[in-house]
Amino acid sequence: MDHQDETFMTEALKLAQRGIEQGDGGPFGAVVVMDGRIIGHGWNQVIRRNDPTAHAEIVAIREACSHAASYHLPGSVLYTTCEPCPMCLSAAYWAHIDRLVYAAEADDAAAIGFNDSFIQAELHKPRDGRAMATQQLLRERSLALFR
């Protein structure tokens, strides 16, 4: 860990505290850093926005992409107060973020009621074995759009 990592993680922790104080969601904050500058910041806003995707990392990645005018963020680092859930980790990969730095572990979040182990398990099941009913429909029409 270098001084810069600690500085940016401290900012993510401050954002998490802000979200807690405002009652916006869970104790999660995140920043996206590029070239030594924060280009995206966020805290959990699930409750405030009534949006299950408004996790700190997603909010920060969206802001960073807007700032960069690109959906790819090569050369960037995501600092987050907790190991990302599957959705947030996927978003970081889709954004081509180079490095992830996190504070608390997924097990720490699970211990206070933010448990994503069910989702983790579902991702490894075949489609017809998942808890959510899944049906394929009109594939050929969709494939025409792919072409």
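I will try to describe carefully the structure that is included in this document. Small disclaimer: the values here were computed from a predicted structure and weren't measured.

### A short note on unusual backbone geometry
At step 1: The residue Asp35 is not glycine, and still its phi comes out positive at about 55°.
At step 2: You can see Asp35 is positioned in the loop between strand E1 (29-34) and strand E2 (37-43).
At step 3: The class of Asp35 is exposed, set by a relative accessible area of 72%.
At step 4: One non-glycine residue, Ala69, adopts positive backbone phi at about 55°.
At step 5: The residue Ala69 is located in the loop between helix H3 (56-68) and strand E3 (76-82) in this model.
At step 6: Judged by relative accessible area, which is 71%, Ala69 ranks as exposed.

### Points about the side chain of Ser76
At step 1: Its place among the elements puts Ser76 in strand E3.
At step 2: For Ser76, the residues in contact, after removing those within four places along its chain, are Val32, Val33, Met34, Ile97, Asp98 and Arg99.

### Some remarks on the nonpolar core
General note: in soluble globular proteins, nonpolar side chains tend to be found buried as a group.
At step 1: Counting 21 residues, the largest nonpolar core has Val32, Ile39, Ile61, Leu73, Leu78 and Ile97 as the members making the most contacts within it.
At step 2: Mapped by element, the contributors of at least two residues to this core are E1, H3, E3 and helix H4 (86-94).
At step 3: The element contributing the most residues to this core is H3, with six residues.
At step 4: Ile61 has contacts with Val32, Leu73, Leu78, Ala91, Ala92, Ala95 and Ile97, leaving out every residue within four places of it along the chain.

### Some words on the pattern of salt bridges
At step 1: For the structure shown, the criterion picks out three salt bridges.
At step 2: For Asp5, the salt bridge is made with Arg99, and the minimal N-O distance between the two is 2.8 Å. On the criterion of sequence distance, the pair formed by Asp5 in helix H1 (residues 3-22) and Arg99 in strand E4 (residues 99-104) is long-range, its members being 94 residues apart.
At step 3: The class of Arg99 is partly exposed, set by a relative accessible area of 38%.

### Comments concerning the pairing of E2
At step 1: Bridging between E1 and E2 involves six bridges; their strand directions are antiparallel. Among the inter-strand pairings, Val33 is bridged to a residue of E2, identified as Ile38.
At step 2: Between E1 and E2, which pair antiparallel and follow one another directly, the connecting turn spans two residues, one of which, Asp35, has a positive phi of 55°.

The rules behind these values
- Along every chain, residues carry numbers that run from 1 in the direction the sequence is written.
- Local features in this predicted model are restricted to residues of pLDDT 70 or higher, and side-chain atom pairs are both shown and tallied only at a pLDDT of 80 or more, whereas totals for entire chains, interfaces and linings draw on every residue.
- Calculation of side-chain values draws on the structure's entire complement of heavy atoms; hydrogens and water are dropped beforehand.
- In this text, helices come from DSSP runs of H or I with a minimum length of four residues, and strands from runs of E with a minimum of two, each type numbered from the N-terminal end.
- A 1.4 Å probe rolled over the protein chains alone gives each residue an accessible area, and that area as a share of the maximum for its type sets the label: buried under 20%, exposed over 50%, partly exposed in between.
- Contacts are residue-level and defined by heavy atoms, with any inter-residue pair within 4.5 Å sufficient.
- Residues belong to one nonpolar core when they are buried, are Ala, Val, Leu, Ile, Met, Phe, Trp, Tyr or Cys, and are joined through side-chain atoms within 4.5 Å.
- Here, a salt bridge means any Lys or Arg side-chain nitrogen found within 4 Å of an Asp or Glu carboxyl oxygen.
- Here, strands pair whenever DSSP counts at least two bridges between them.

That's the geometry; what it means functionally is another story.
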